[in-house]
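An overview of the molecular structure
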Amino acid sequence: MARGAVNREYGGYEESMSDKDNFYKSVYKIAVPVTLQSLLMALLNLTDQMMVGQLGDVAIASVGMSTKIYGIIAVVLAGLSTGVSIYAAQFWGNKDAKSVSHVLGLGLIVGFAFSFLFSAAVFIDSPLFLSMFTTDVNVIDDGYIFLRVMSLGFVPVMLTMMYSAILRSTGHAKWPMYVSLITVGLNIILNYVLIFGHFGSPEFGLKGSAMATLISRVFECLLIIGAVYRYRLPGAVGLKNLFMIPKPLIRKFFGTTYPLLLTELIWVLGETAYAIIYSRMGTTEMTAMTITFPLQGLCIGLLSGLASAAGVMVGNRLGANETDIALDHAKRFIRLGIIISLIVGAIIAVGSKLYVSAFNISEDAKQMSIYIVIVFAGFLWVKVSNMIIAGGILNSGGDSKFVFGMESTATWLIGVPSGLLLSYIWKQPVYLVYLVISLEEVVRFGFGYARIYSRKWMRNLVSDLSKLEV
């Protein structure tokens, strides 16, 4: 039997050096562009905050409230794009490009319906949406103009997310990265010009920030769709082939996708609950937690590419009915994630004092922040592992109902109750509260790891859908 083939007699998988090389080449091809794109978006968010920060407290608060409203549609689109990715990866592994276009069309129809209606509602009555999050009249008066302009970009964002999901799932992750590189640069330049009135432009202030974001999102959308059709990438088909979708695919797609939407919702509600817990502990405690958020986001973004690569590569193998190779890939991704995150975590722990010293805060807040950063560094390996297991591997086999149950159980039966007990009842310091809350990640890891080895998640979702006629 040739090396690297599936061992049918023993159910094993013999691996050659060329298999290893191909695995890491594929990881590099998918993970690096996704990681760089995440870092680019983090850079854009940081630059936005710095520029808007020059306009005063009300402007900062207005952007913050508008971001919360944008987060509503972002959650829905994230769940929808994950569903598109799952099916696109398996169809691509099954060498069925026509069905890849069908799942893209399905994502576009559902995404357009939601994003258009939500955009229209926010545009018509932006103050109403802002009043859901704040009673500050100044924030509502200034923020509604910002939010109204931003709402026009919801549909372009949806289009970008759906086409990016297709490109990543079919091994073309470099294209979304290239587009992000261009549009992030454009957004930063437009912010500088439109907010402060440089190069002959009027000084629009807060509205200028919204205008810069809208222009960049429209340009990003046109650029990525243009690239798909210019270079005949997956999804470059006529409208008839794009939107003539077989009914069995529609039923199966929604059966897989609705738990993904619920999982995203559970995550948002959980993060909101944790924010409330920390904020009610006191200003110093909340300050200590807040200054660690950029570092946490940077680290997770740095390693997010592994989860994307896992979802695509394992999904491709499942679609091709190569279950032994899919399981081998899954195990290897988990090991790779643990090794890299342990190294990154050690660096963070060693540099915790240096990071915290960059902020002009009280000594008490600094000391709390150092402890929080060290706790985060200690749990980074398990956070990354869960991101790979749940967000990448299990979802690649359509195991979204199990993922929803696992996520909701860990958050609402362990994380939130323990946080409330330690902060409100037992009055423990914030870093200890954060440590105990983080134990939910260990529980989640145990359930997820056992699920991987059970092989119950390993399903070919497209074997009965490929080559279907409408």
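It should be emphasised that the depicted structure is a prediction, and the values quoted were computed from it without experimental measurement.

**Re the overall build of the protein chain**
A tally of regular secondary structure across the protein chain gives 17 helices and two strands. For 470 residues, the compact-globule formula gives about 23 Å, and the C-alpha radius of gyration of the protein chain, at 23 Å, lands near that figure. Oriented by its inertia axes, the alpha-carbon framework of the protein chain measures out at about 70 × 50 × 35 Å. Across the 470 residues of the protein chain, 51% fall into the buried class. Contacts spanning at least 24 positions in sequence make up 80% of the contacts within the protein chain whose residues lie at least 6 apart.

**Quick word on the pattern of salt bridges**
Side-chain pairs of opposite charge can arise whenever the charged atoms involved come near each other. What the rule picks out here adds up to nine salt bridges. The salt bridge involving Arg-317 is made with Glu-322; its shortest N-O contact spans 2.5 Å. Residue Arg-317 is classed as partly exposed on the basis of its relative accessible area of 27%. In the salt-bridge network here, residues are joined through shared partners; they are Lys-383, Glu-407, Glu-440, Glu-441 and Arg-444.

**Let's talk about helix H11 (residues 283-290)**
Among the residues of H11, Glu-285, Ala-288 and Met-289 are the ones counted as buried. The buried residues of H11 all sit within an arc of 95 degrees when viewed along its axis, so they share a single face.

**Here we look at the packing of helix H3 (residues 97-124) against helix H5 (residues 137-151)**
Where H3 meets H5, the closest approach of the two axes is 8 Å, and the angle between their N-to-C directions is 155 degrees. As the angle between them shows, H3 and H5 are arranged roughly antiparallel. Once H3 is placed against H5, the crossing between them reads as left-handed. On H5, the residues that touch Ser-119, Val-122 and Phe-123 of H3 are Leu-147, Arg-148 and Ser-151.

**Details of the side chain of Thr-256**
Within the element layout of this structure, Thr-256 appears in helix H10 (residues 247-280). Sequence-distant contacts of Thr-256, that is, excluding residues within four places in its chain, are made with Ile-86, Tyr-87, Gly-398 and Ser-400.

**Quick notes on the confidence of the model for the protein chain**
Overall, the predicted model of the protein chain reaches an average pLDDT of 87, with 92% of residues at or above 70. Here residues 1-13 scores under 50 on pLDDT; set against residues more than four positions off or in separate chains, the count is 28 contacts.

**Description of unusual backbone geometry**
Backbone geometry at Phe-199 places phi at a positive 55 degrees, although glycine is not the residue there. Within the secondary structure layout, Phe-199 lies in the loop between helix H7 (174-196) and helix H8 (206-230). Given the relative accessible area of 73%, Phe-199 is considered exposed. The phi torsion at Arg-232 lies on the positive side, around 50 degrees, for a residue other than glycine. Examined against the element boundaries, Arg-232 turns out to sit in the loop between H8 and helix H9 (239-243). You can call Arg-232 exposed: its relative accessible area is 59%.

**Observations regarding the nonpolar core**
By size, the foremost hydrophobic cluster in this structure holds 65 residues, and its most contacted members are Tyr-278, Ile-348, Ile-452 and Trp-457. Looking at this core, the elements that each hand over two or more residues are helix H1 (17-52), H10, H11, helix H12 (293-319), helix H13 (323-350), helix H15 (363-396), helix H16 (400-425) and helix H17 (430-454). Element by element, the count of residues in this core is highest for H15, at 18 residues. If we ignore the near neighbours within four places in the chain, the residues touching Ile-348 are Leu-295, Cys-299, Val-373, Phe-376, Ala-377 and Leu-380.

**Comments concerning the environment of Val-75**
One can find Val-75 in helix H2 (residues 57-93). Val-75 gets classed as buried once you look at its relative accessible area, which sits at 14%. It is 23 Å that separates the C-alpha atoms of Val-75 and Ser-101, two residues lying 26 residues apart in sequence. Apart from residues lying up to four places away in sequence, Val-75 is in contact with Glu-264, Leu-265 and Val-268.

**Some details on the packing of aromatic side chains**
Inspection of every chain in the model, using the stated rule, returns 16 aromatic pairs. Judged by centre distance (5.5 Å) and plane angle (15 degrees), the rings of Phe-112 and Phe-116 are stacked. One end of the pair, Phe-112, and the other, Phe-116, are both in helix H3, four residues apart, so they sit about a helical turn from each other. With relative accessibility at 41%, the residue Phe-112 sits in the partly exposed group. Pairing Phe-118 with Phe-129 gives two aromatic rings, centres 5.8 Å apart and planes at 75 degrees, and the pair type is edge-to-face. Residue Phe-118 is located in helix H3, and its partner Phe-129 is located in helix H4 (residues 126-131); the two are separated by eleven residues in the primary sequence. Its relative accessible area of 11% is what places Phe-118 among the buried residues. Through a chain of ring-to-ring contacts, the aromatic side chains of Tyr-70, Phe-114, Phe-118, Phe-129 and Phe-154 assemble into a single cluster. The aromatic ring of Tyr-231 is capped on one face by Arg-230, whose charged end is 5.0 Å from the ring centroid. In this arrangement the basic side chain of Arg-451 is found over the ring face of Phe-402, its NZ or CZ atom lying 4.4 Å from the centre.

**What to know about the packing of H10 against H17**
Here H10 crosses H17 at 160 degrees, and the two axes come no closer than 11 Å. As judged from the angle between their axes, H10 and H17 are roughly antiparallel. Between H10 and H17 lies a crossing of right-handed hand. On H17, the residues touching Tyr-274, Ile-277 and Tyr-278 of H10 are Val-430, Val-433, Tyr-434, Ile-437 and Glu-440. Split by residue class, the contact of H10 with H17 holds seven nonpolar, no polar and one charged.

**Some thoughts on the side chain of Ser-385**
Structurally, Ser-385 can be placed in helix H15. Residue Ser-385 is classed as buried on the basis of its relative accessible area of 1%. Setting aside anything within four residues of it in sequence, one finds Ser-385 in contact with Ile-338 and Phe-445.

Scoring rules and cut-offs
Residues numbered from 1 in each chain as written. Predicted model: local features only at pLDDT ≥ 70, side-chain atom pairs only at ≥ 80, totals over all residues. Heavy atoms only, no water. Helix = DSSP H or I, 4+ residues; strand = E, 2+ residues; numbered from the N terminus. Rg over C-alpha atoms; globule rule 2.2 N^0.38 Å. Buried < 20%, exposed > 50% of the residue type's maximum accessible area, 1.4 Å probe, protein only. Contact = heavy atoms within 4.5 Å. Salt bridge = Lys/Arg side-chain N within 4 Å of Asp/Glu carboxyl O. Arc of directions from axis to C-beta. Axes fitted to C-alpha atoms, helices over the stretch in contact; angles between N-to-C directions. Parallel < 35°, antiparallel > 145°, perpendicular 65-115°, else oblique. Left-handed = near helix turned anticlockwise from the far one by under 90°. pLDDT = per-residue confidence, 0-100. Core = buried A, V, L, I, M, F, W, Y, C linked by side-chain atoms within 4.5 Å. Phe/Tyr/Trp six-rings, centres within 6.5 Å; stacked < 30°, edge-to-face > 60°. Lys NZ or Arg CZ within 6 Å of the ring centre and 35° of its normal. Nonpolar A, V, L, I, M, F, W, Y, C, P; charged D, E, K, R; others polar.

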